[in-house]
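Observations on the three-dimensional arrangement
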Amino acid sequence: MVQICGVQSLFLGVTLSFIFATVLQQGFATVAPPTPAPHKEPGRPERGHYNATKNGTICLMAYMGLQLNISYTSIFQKKVVQDVVNIQPGLTNSSGSCDSDNASLELTTNKTNLTFVFTLNTTSNKYHLSEVAISAAWPDMTESFSVSNSSLDYLRGTLGYSYFCREEQTLTVTRNLSINTFQLQVQPFGVSGDKFGAAEECQLDEDDMLIPIIVGAALAGLVLIVLFAYLIGRKRSHAGYQSI
Ligand SMILES: *[C@@H]1O[C@H](CO)[C@@H](O)[C@H](O)[C@H]1NC(C)=O
Ligand SMILES: *[C@@H]1O[C@H](CO)[C@@H](O)[C@H](O)[C@H]1NC(C)=O
Ligand SMILES: *[C@@H]1O[C@H](CO)[C@@H](O)[C@H](O)[C@H]1NC(C)=O
Ligand SMILES: *[C@@H]1O[C@H](CO)[C@@H](O)[C@H](O)[C@H]1NC(C)=O
Ligand SMILES: *[C@@H]1O[C@H](CO)[C@@H](O)[C@H](O)[C@H]1NC(C)=O
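The present account deals with the structure reproduced in this document.

What counts and how
- Residues numbered from 1 in each chain as written.
- Chains lettered and ligands numbered in written order.
- Predicted model: local features only at pLDDT ≥ 70, side-chain atom pairs only at ≥ 80, totals over all residues.
- Heavy atoms only, no water.
- Helix = DSSP H or I, 4+ residues; strand = E, 2+ residues; numbered from the N terminus.
- Buried < 20%, exposed > 50% of the residue type's maximum accessible area, 1.4 Å probe, protein only.
- Contact = heavy atoms within 4.5 Å.
- Areas by Shrake-Rupley, 256 points an atom, 1.4 Å probe, with all protein chains shown as cover.
- Core = buried A, V, L, I, M, F, W, Y, C linked by side-chain atoms within 4.5 Å.
- Near = heavy atom within 4 Å.
- Polar contact = N/O pair within 3.5 Å; in protein donor to acceptor, adjacent residues only side chain to side chain.
- Nonpolar A, V, L, I, M, F, W, Y, C, P; charged D, E, K, R; others polar.
- Disulfide = S-S within 2.5 Å.

**Examining the overall build of the protein chain**
Helix and strand counts for the protein chain stand at two helices and 13 strands. Within the protein chain, the proportion of its 244 residues that are buried is 34%. Across the protein chain, contacts joining residues at least 24 apart in sequence account for 57% of those joining residues at least 6 apart. As displayed, the protein chain has an accessible area near 14800 Å², and 58% of this comes from carbon and sulfur atoms.

**Considerations on the nonpolar core**
In this structure, Ile70, Leu114, Phe116, Phe145 and Ile179 are the most contacted members of the largest nonpolar core, which totals 41 residues. Ranked by the residues each element gives to this core, the list is headed by strand β2 (residues 57–73), at eight residues. Every residue in contact with Leu114, bar those within four places of it in the chain, is listed here: Leu66, Leu68, Ile87, Leu105, Glu106, Leu107, Val132, Ala133, Ile134 and Ile179.

**Some points on the site of ligand 3**
Taken together, the residues surrounding ligand 3 are Lys111, Asn113, Ser135 and Ala137. Within the side chain of Asn113, a nitrogen or oxygen atom sits 2.2 Å from an oxygen atom of ligand 3. Between Ser135 and ligand 3, the recorded distance is 2.8 Å, taken from a side-chain N or O atom to an oxygen atom. When its residues are assigned to classes, the shell around ligand 3 shows one nonpolar, two polar and one charged.

**Things to note about the site of ligand 4**
Neighbouring ligand 4 are the residues Asn149, Ser151, Leu152, Val173 and Thr174. One nitrogen or oxygen atom from the side chain of Asn149 is found 2.3 Å from an oxygen atom belonging to ligand 4. Within the complex, the protein chains bury 41% of what would otherwise be the 360 Å² of accessible surface of ligand 4. Residues that form the shell around ligand 4 fall into these classes: two nonpolar, three polar and no charged.

**Structural notes on unusual backbone geometry**
Even without being a glycine, Asn55 presents a positive backbone phi close to 50°. Among the structural elements, Asn55 can be located in the loop between β1 (47–54) and β2. Overall, the relative accessible area of 77% leaves Asn55 in the exposed class. Positive phi values are uncommon outside glycine, yet Asn125 reaches one of about 60°. Note on placement: Asn125 falls in the loop between β6 (112–121) and β7 (126–136). Looking at Asn125, the relative accessible area reads 33%, which means it is partly exposed.

**Some remarks on the environment of Ile70**
Relative to the elements of secondary structure, Ile70 occurs in strand β2. What Ile70 contacts, discounting residues up to four positions off in sequence, is Val81, Gln82, Asp83, Ile134, Trp138, Met141, Phe145, Asn176 and Leu177.

**Brief notes about the state of the cysteines**
Here the structure, examined in full by the defined rule, presents two disulfides. The side chain of Cys59 participates in a disulfide bridge whose partner is Cys98; the two sulfur atoms lie 1.9 Å from each other. One disulfide, between Cys59 and Cys98, carries an S-S torsion of 75° and so falls in the right-handed class. Taken together, the residues Cys59 in strand β2 and Cys98 in strand β4 (residues 93–98) connect sequence positions 39 residues apart. Exposure class is identical for Cys59 and Cys98. Each is buried.

Take it as geometry only, folks, not as evidence of what the structure does.
What follows is the structure, encoded as structure tokens:
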């Protein structure tokens, strides 16, 4: 009889803690809602392997999905439009150049030239994406689109390591150009062979891992409390039996 009560209270406690965990998760979900999809979304871009070589060996490598978000004046619609376009690896050539403190990756398609420039601080051995330049001549553009920004500070990594971001990241270049990156891994300096160095994970990924850890810890805490309460309850009931 006593034991049935104990088992029931343990079961109730575990159920309660699961309900609590579910509520917690829903709470987090409302904190970070999924971004609403604008019409004409091209979907997730395919990841492409892009390299720059020097004297026949790879000196910069990247494996990433890229999506351009450009606003330009459309011939067809006779107004400024916001166009989201995926870079298709199969239709894209990669090249570039590497110096001791400067490396660039050039992605070329039929109608688009996209350049990423990375800078290495040789004192601190830290690198970052310092410049993005693009020129595009799409059929619907009233004039060819050409912008660059050389004072950027994105994708910060350490010499000898690759930079990795599983999460989607938005690199704002200018008011009318941003680049969404997907599962981006890049190593602009210190490449040896044709493999990435150990990955340094981006902050977004680390934040993402924090949520399940918090929920897990809360759940574990609750289970412990319930277990403790059950053990105390059982001890009391036993004591009750003996005194009769
Ligand atoms: C494209 O950029 C515009 C303006 O910055 C923004 O409102 C929109 O959400 C972006 N779209 C995507 C798919 O990133
Ligand atoms: C390179 O890093 C050092 C040490 O962190 C810093 O003092 C210096 O200003 C940096 N140089 C450049 C060009 O950013
Ligand atoms: C891309 O670069 C090549 C070589 O510099 C040039 O011939 C071509 O016109 C450029 N394309 C665009 C769209 O600017
Ligand atoms: C270039 O990027 C910097 C840093 O993100 C930004 O403050 C600046 O406004 C950008 N320049 C242009 C022309 O958009
Ligand atoms: C870049 O290098 C990697 C590793 O060697 C290779 O798998 C990939 O095919 C290369 N990409 C291109 C576009 O040549």
